[in-house]
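Each chain is listed here by its residues.
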Amino acid sequence: MSNCSTCPSKNNCSTKKAGGDSCSKIIPKYGNVKNIIGVISGKGGVGKSTVTGIMAVELRKAGYKVGVLDADITGPSMPRFFGINEKRAPMLPVGNNDEVKFIPVETPLGIKVISINLLTEQEEQPVIWRGPVITGVLNQMYSDTEWGDLDYLLIDMPPGTGDVALTVMQSFPISDMIVVSTPQDMVSMIVKKVVIMTEKLGVNVKGVVENMSYIICESCGEKTRVFSKKSAEEQALYLGIPLLAEMPINLDLIENLEKGKAEEYLNHSQQYEKLIKTII
Ligand code: ADP
């Protein structure tokens, strides 16, 4: 349990702000994690994991020590993003009892990743677990991983306002949350629920990344909004949070992801500058 001096959210502590004096936040057992940033969405498939991966690479290329916890237990995709899905994360015994610790898989750039897909025998193996079991396993993946010294631990959150997302927000000392959405009114409405829940739980919402905002014409370079005529600013205004980035539908990114070359492809693009600056 928590020790305030090593707690990643000591400067933004919701318990203290609310005048509370007891803390139930869980601190990772192995290592020193300075900041925990959550990335959340309303629904699956909007690009939450892609944004988590992009943020991790951009932060790493800016010189920070970065880890990624894939908390989307039923839809894990971080190992594929980094092209490390063929690898397995070793489990080492600790002491004389049944306790183990997980050794995260490192990407070529040195980002430490833990995901249920790196712990099961095969990546296609589904987890057929109910909420409380998923929550227990996730707690273990977070607290019993040998993270070492990290400037940033990024958490690819389970989508939506369900049981697991709720527990993560209540038990992990997340300092800031980044919200990912697509420009569709129905998606925004569900994202707004996530924003309200996050704020109610005392977690600071930094802003929204609008993904799949537009396409760029290959012949003339013109930007065309694909899902909505409303601007990204209008969508952010509806959510009541700052707009941090607008990402186009990007086939080059996807091609590089499929080849496991995201780290080589991503290189300080201006479109992510505001997003990264709000975190560091
Ligand atoms: P989520 O984590 O929200 O479920 P993912 O990040 O896994 O979503 O993205 C869902 C799918 O959409 C993936 O196949 C991903 O490669 C693709 N995708 C995400 N963002 C983009 C984008 N900007 N351009 C093209 N494809 C994208």
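To keep things clear, this report deals only with the structure shown in the data block.

Rules behind the numbers
Residues numbered from 1 in each chain as written. Predicted model: local features only at pLDDT ≥ 70, side-chain atom pairs only at ≥ 80, totals over all residues. Heavy atoms only, no water. Pairing = 2+ DSSP bridges. Helix = DSSP H or I, 4+ residues; strand = E, 2+ residues; numbered from the N terminus. Phe/Tyr/Trp six-rings, centres within 6.5 Å; stacked < 30°, edge-to-face > 60°. Buried < 20%, exposed > 50% of the residue type's maximum accessible area, 1.4 Å probe, protein only. Core = buried A, V, L, I, M, F, W, Y, C linked by side-chain atoms within 4.5 Å. Contact = heavy atoms within 4.5 Å.

**Brief notes about the sheet that holds strand β5 (residues 105–106)**
1) Next: Pairing is mixed across the open sheet formed by 8 strands, whose spatial order is β5-β6-β2-β7-β1-β8-β9-β12. Among the strands making up the open sheet, the edge pair consists of β5 and β12 (243–246).
2) Next: As paired elements, strand β2 (residues 66–70) and strand β7 (residues 146–156) share 5 bridges and run parallel to each other. Its bridge partner lying in β7, Gly67 is registered against Leu153.

**Things to note about the packing of aromatic side chains**
1) Next: Following the criterion strictly, the structure yields 3 aromatic pairs and no others.
2) Next: Measuring from centroid to centroid gives 5.0 Å for Phe81 and Phe82, while their planes differ by 75°, and the two rings are edge-to-face. Like Phe82, Phe81 is buried.
3) Next: Between Tyr142 and Phe172, the ring centres sit 3.8 Å apart and the planes meet at 10°, which makes this aromatic pair stacked. Within this pair, whereas Tyr142 is found in helix α4 (residues 131–143), its partner Phe172 is found in the loop between α5 (163–171) and β8 (176–181), the two being separated by 30 residues in sequence. Summarising the burial analysis for this pair, Tyr142 and Phe172 share the class buried.

**Details of the nonpolar core**
Nonpolar side chains tend toward joint burial in soluble globular proteins.
1) Next: Ranked by internal contacts, the top residues of the largest apolar core, which has 79 residues, are Met55, Leu69 and Phe82.
2) Next: In this view, Phe82 contacts Gly53, Ala56, Val57, Val68, Thr107, Ile111, Val113, Gly260 and Glu263; residues no more than four positions away in its chain are not counted.

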